[in-house]
Amino acid sequence: TAEPFSLIKGTVSGSTDAEGRFSIPLNLAAGDNAIKLTATDAAGNVSNFSATQEVVYETTAPVISNISVSPNPAKAGRVTVSFEVSETLLSSPEVKINQETATLVLRSPQDGGGFRYQYTYNITATDQQGPAIISIEATDLAGNTKHKSWNNLLTIDLNAPNVPNAANLPAYTNLGTRAIAGTAEPNSRIRIYRNDALIAETTSEADGAYNTNIGLVLGLNRIKITSEDSAGNISQVSEPQTITYDV
């Protein structure tokens, strides 16, 4: 508002009404715009300048980059989504995994501008298995919105591997080492236990085959095996096989 029927001047001009109100369309330049006004009454007297108001005009949406998800693949439990945004936002980004909202845990400024965000999400048995859709939406101070989604950053795996199998062992041997061979889930971590103590680990091949040597103790050796997939799901323990080492 200003004096009624006065002439308002800035980079554009207009007039006030009988109550001193005015509304003047203004074309903004890209970047920073410093806006200040004067009022000229009917006698030609000119007011001092108004306080300057700063308006930033930009139409470029924020840039979302450097997204990472850990762990991947993931079993039931917490996953962390981290990413960077190029500028200050109107509010925290909205992050969803399969349409479920993740929780903001960290926002930190980056050298050279922008911010790094970290969100967590708790995978449960109700989550859809397989490749997950991760979406991020960010709106900057000018109201420009960026929406991005990915379907190749996280795979949800809630199923434990099948129990690994092993070739039959002889009941007796006079050799102090023995090959343990069999099949399990491809590319899984195989753990071999002798008398309930972990004594060997190996990784199955792409076709599921595995083969490794173990040492035996004199007397009874009770051999059991488990398999852990890349998401961290662990199989049930295999049926034990017993082999007696006698020299």
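This structure is a prediction, so every number in the text was calculated from the model and none was measured.

K.L.:
So what's going on with the overall build of the protein chain? Which residues, and what values?
P.N.:
Across its full length, the protein chain carries 0 helices and 23 strands. What you see for the protein chain is a C-alpha radius of gyration of 34 Å, clearly larger than the 18 Å of a compact globule of 247 residues, by over 25%. Along the longest, intermediate and shortest principal axes, the C-alpha atoms of the protein chain span 120 × 35 × 25 Å. With 247 residues in all, the protein chain has 34% of them scored as buried. For the protein chain, the proportion of contacts with a sequence separation of at least 24, taken over those separated by at least 6, is 55%. Each charge sign in the protein chain was given a centre, from 16 positive and 25 negative side chains, and these centres are 7 Å apart.

K.L.:
Now, about the nonpolar core: what can you tell me, with residues and values included?
P.N.:
If you look at the biggest cluster of nonpolar residues, it comprises 25 residues, and the most contacted ones within it are Ile67, Phe83, Ile97, Ile134 and Leu154. Of all the secondary-structure elements, those providing two or more residues to this core are β6 (64-70), β7 (77-85), β8 (94-97), β11 (115-123) and β13 (134-139). The biggest single contributor to this core is β11, with 5 residues. Residues within four places of Ile97 in sequence aside, it is in contact with Val79, Val81, Tyr121, Ala132, Ile133, Ile134 and Leu154. By size, the runner-up hydrophobic cluster in this structure holds 13 residues, among which are Ile180, Ile190, Ile192 and Tyr210.

K.L.:
Describe a nonpolar patch on the surface, with residues and values.
P.N.:
A cluster of nonpolar side chains, contributed by Val12, Leu26, Leu28, Val55 and Tyr57, occupies part of the molecular surface with about 340 Å² of accessible area. Along the chain, Leu28 turns up in the loop between β2 (13-15) and β3 (31-35). In this structure Leu28 comes out as partly exposed when scored by relative accessible area, which is 34%.

K.L.:
Describe the environment of Ile133, listing the residues and the values that go with them.
P.N.:
Structurally, Ile133 is set in the loop between β12 (130-131) and β13. Each residue touching Ile133, except ones within four places of it in the same chain, is listed here: Lys96, Ile97, Asn98, Ser149, Trp150 and Asn151.

K.L.:
Before we move on, could you go through the sheet that holds β6 and cite the residues and values that matter?
P.N.:
Think of a sheet as strands paired side by side through backbone hydrogen bonds, with each pair either parallel or antiparallel. As summarised here, the arrangement of the 4 strands in space is β6-β7-β11-β10, forming an open sheet in which the pairing is antiparallel. The open sheet is flanked by β6 and β10 (103-109), the only strands paired with a single partner. Taken over all neighbouring pairs, the strand axes of this sheet differ in orientation by 15 degrees on average, direction set aside.

Calculation notes
- Residues numbered from 1 in each chain as written.
- Predicted model: local features only at pLDDT ≥ 70, side-chain atom pairs only at ≥ 80, totals over all residues.
- Heavy atoms only, no water.
- Helix = DSSP H or I, 4+ residues; strand = E, 2+ residues; numbered from the N terminus.
- Rg over C-alpha atoms; globule rule 2.2 N^0.38 Å.
- Buried < 20%, exposed > 50% of the residue type's maximum accessible area, 1.4 Å probe, protein only.
- Contact = heavy atoms within 4.5 Å.
- Lys, Arg positive; Asp, Glu negative; His and termini not counted.
- Charge placed at Lys NZ, Arg CZ, Asp CG, Glu CD.
- Core = buried A, V, L, I, M, F, W, Y, C linked by side-chain atoms within 4.5 Å.
- Patch = residues over 30% accessible without salt bridge, like charges linked within 9 Å, V, L, I, M, F, W, Y side chains within 5 Å.
- Areas by Shrake-Rupley, 256 points an atom, 1.4 Å probe, with all protein chains shown as cover.
- Salt bridge = Lys/Arg side-chain N within 4 Å of Asp/Glu carboxyl O.
- Pairing = 2+ DSSP bridges.
- Axes fitted to C-alpha atoms, helices over the stretch in contact; angles between N-to-C directions.

Take it as geometry only, folks, not as evidence of what the structure does.
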